[in-house]
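# Coordinate inspection notes
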Amino acid sequence: MPRKLQKGYFVRGKFVAEGSELDIELKAELKGTYDSTKTDLKREMDALQDLGKELIGLRSDLFKRLQLSDQLVDALAEAKRITNFEGKRRQMQYVGKLMRKLTPEQVAAVKQALDEQRNGSPSEKMSLQIAEQWRDRLIVEESALAIWLDHFPDTDVQQLRSLIRQSRKDIEKAKEQAAAAAAANPDAEPKEVSKGRAYRDLFQLVREQLAGAGKADDSADEDDGDE
């Protein structure tokens, strides 16, 4: 795969990448705003160094997707290994220096990977929403259990019934507690009352069943493709 050409220009025979520290300094000198731009540059350098600190804790699958330079990968691994405060500080300064060599596209990819680790991928978010919708439907609708079992016949029916029944009891109790608290102190800020462990366990059961069904579908697609 051909390497993407980095945008830039030459000054006195030296290549200057767009967005680099030298590029910013040269443009600042031309505009006569060197001091203010130097402050902006320092802020940008600190931000990239902070981004490098977050990269140390990035999941391995997301980290590999970034295809960073071997130099930066090794520097991050060394920073992770160092425990001495001063040594780690100096290593992170070096990481920050290497981070400034990243293209804007690479920086955007790093931010996206960190956001995915914090908040999940779009597909993960969607699967969570579907699990939440099924959990709430099973609790509210009497007919939902039969529909669920038509789709997921391998579900432990006894466990599912028990969790639904207990969730309903816990939710009703939570509502009574909230109403009593509001009546006792009408001016107080309403507090969220826990819906109970069964409510959480029901969500987990639903989520696992949905995930298992998704894997089975993927496996069936792969088998069809082999034929």
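What comes next concerns the included structure.

So, how was this worked out
- Residues numbered from 1 in each chain as written.
- Predicted model: local features only at pLDDT ≥ 70, side-chain atom pairs only at ≥ 80, totals over all residues.
- Heavy atoms only, no water.
- Helix = DSSP H or I, 4+ residues; strand = E, 2+ residues; numbered from the N terminus.
- Expected span 1.5 Å × (residues − 1).
- Polar contact = N/O pair within 3.5 Å; in protein donor to acceptor, adjacent residues only side chain to side chain.
- Axes fitted to C-alpha atoms, helices over the stretch in contact; angles between N-to-C directions.
- Parallel < 35°, antiparallel > 145°, perpendicular 65-115°, else oblique.
- Left-handed = near helix turned anticlockwise from the far one by under 90°.
- Contact = heavy atoms within 4.5 Å.
- Nonpolar A, V, L, I, M, F, W, Y, C, P; charged D, E, K, R; others polar.
- Buried < 20%, exposed > 50% of the residue type's maximum accessible area, 1.4 Å probe, protein only.
- Arc of directions from axis to C-beta.
- Pairing = 2+ DSSP bridges.
- Core = buried A, V, L, I, M, F, W, Y, C linked by side-chain atoms within 4.5 Å.
- Phe/Tyr/Trp six-rings, centres within 6.5 Å; stacked < 30°, edge-to-face > 60°.
- 1 Å grid on protein atoms, 1.4 Å probe; cavity = no way out; pocket = protein on both sides within 12 Å on 5 of 7 lines; lining within 4 Å.
- Points joined across faces, edges and corners; volume = space filled by probe spheres on them.
- Salt bridge = Lys/Arg side-chain N within 4 Å of Asp/Glu carboxyl O.

### Considerations on helix α5 (residues 85-99)
For α5, spanning 15 residues, the distance from its first C-alpha to its last is 21 Å, which sits close to the expected 21 Å at 1.5 Å a residue. Between the side-chain oxygen at the start of α5 and the backbone nitrogen of glutamate 86 there is a gap of 3.1 Å, and the oxygen is on asparagine 84.

### Here's the deal with the packing of helix α8 (residues 144-151) against helix α9 (residues 157-184)
It is at 12 Å that the axes of α8 and α9 come closest, and there the two elements cross at 150°. Judged by the inter-axis angle, α8 sits roughly antiparallel to α9. Judged by the sense of rotation from one axis to the other, the crossing of α8 with α9 is right-handed. Counted together, Leu145, Trp148 and Leu149 of α8 and Val157, Leu160, Arg161 and Ile164 of α9 form the full contact between these two elements. Looking at the contact of α8 with α9 residue by residue, the classes come out as six nonpolar, no polar and one charged.

### Focus: the environment of leucine 149
Mapping leucine 149 onto the fold places it in helix α8. The spatial distance from the C-alpha of leucine 149 to the C-alpha of leucine 160 is 10.0 Å, given a sequence separation of eleven residues. Setting aside its immediate chain neighbours within four residues, leucine 149 contacts Thr155, Val157 and Leu160.

### So, α8
When we look at burial in α8, the residues that qualify are Ala144, Leu145 and Trp148. Down the axis of α8, the smallest arc covering the buried residues is 100°, so these residues share one side.

### Remarks on the pairing of strand β2 (residues 14-17)
Sheet topology note: the strand β1 (residues 8-11)/β2 ladder contains four bridges and is antiparallel. Considered in β2, the bridge of phenylalanine 10 is made with phenylalanine 15. The hairpin formed by β1 and β2 contains two residues between the paired strands, and arginine 12 there has a positive phi angle of roughly 50°.

### What to know about the nonpolar core
In this structure, Leu55 and Leu68 are the most contacted members of the largest nonpolar core, which totals 22 residues. Those elements that place two or more of their residues in this core are α2 (34-56), α3 (60-66), α4 (70-81), α5 and α6 (104-119). Beyond its immediate sequence surroundings of up to four residues, leucine 68 is in contact with Leu55, Phe63, Val73, Leu76, Leu102 and Val110. Residues Ala144, Ile164, Tyr199 and Phe203 belong to the second largest nonpolar core, which totals 19 residues.

### A closer look at the side chain of arginine 135
Note on placement: arginine 135 falls in helix α7 (residues 122-140). A polar atom in the side chain of arginine 135 sits 2.9 Å from the side chain of tyrosine 199. With residues up to four places along the chain from it excluded, the contact list for arginine 135 reads Tyr199, Leu202 and Phe203.

### Regarding unusual backbone geometry
Backbone geometry at glutamine 67 places phi at a positive 55°, although glycine is not the residue there. Following the sequence through the fold, glutamine 67 ends up in the loop between α3 and α4.

### Section: the packing of aromatic side chains
One pair of aromatic rings is described through two measures. These are the centre distance and the angle between the planes. If you walk through the whole model with that rule in mind, you get two aromatic pairs. Taking the centre distance of 5.0 Å and the plane angle of 75° together, the rings of tryptophan 134 and tryptophan 148 count as edge-to-face. Highlighted residues: tryptophan 134 in helix α7 and tryptophan 148 in helix α8, separated in sequence by 14 residues. An identical accessibility class is assigned to tryptophan 134 and tryptophan 148; each is buried.

### Observations regarding the layout of surface pockets
Estimated volume of the second largest pocket: approximately 250 Å³. Surrounding the second largest pocket, twelve residues form its lining, Ser123, Glu124, Ser127, Leu128 and Arg207 being those nearest its centre. Looking at the lining of the second largest pocket, the elements with two or more residues in it are α7 and α10 (197-226). Take the lining of the second largest pocket: its biggest share by element is seven residues, from α7. The class makeup of the residues in the lining of the second largest pocket is six nonpolar, four polar and two charged.

### Notes on the pattern of salt bridges
The final tally for this structure, using the stated rule, is eleven salt bridges. For glutamate 78, the salt bridge identified is with arginine 81, shortest N-O distance 2.4 Å. Residue glutamate 78 and its partner arginine 81 are located together in helix α4, separated by three residues, close to a single helical turn. For glutamate 78, a relative accessible area of 29% gives the class partly exposed. Between aspartate 136 and arginine 135 there is a salt bridge, and its shortest N-O distance comes to 3.0 Å. Of the residues examined, aspartate 136 reaches a relative accessible area of 32% and is grouped as partly exposed. Judged by relative accessible area, arginine 135 falls into the buried class, the value being 10%. A cluster of three or more residues bridged by salt bridges with shared partners is formed by Glu86, Arg89 and Arg90.

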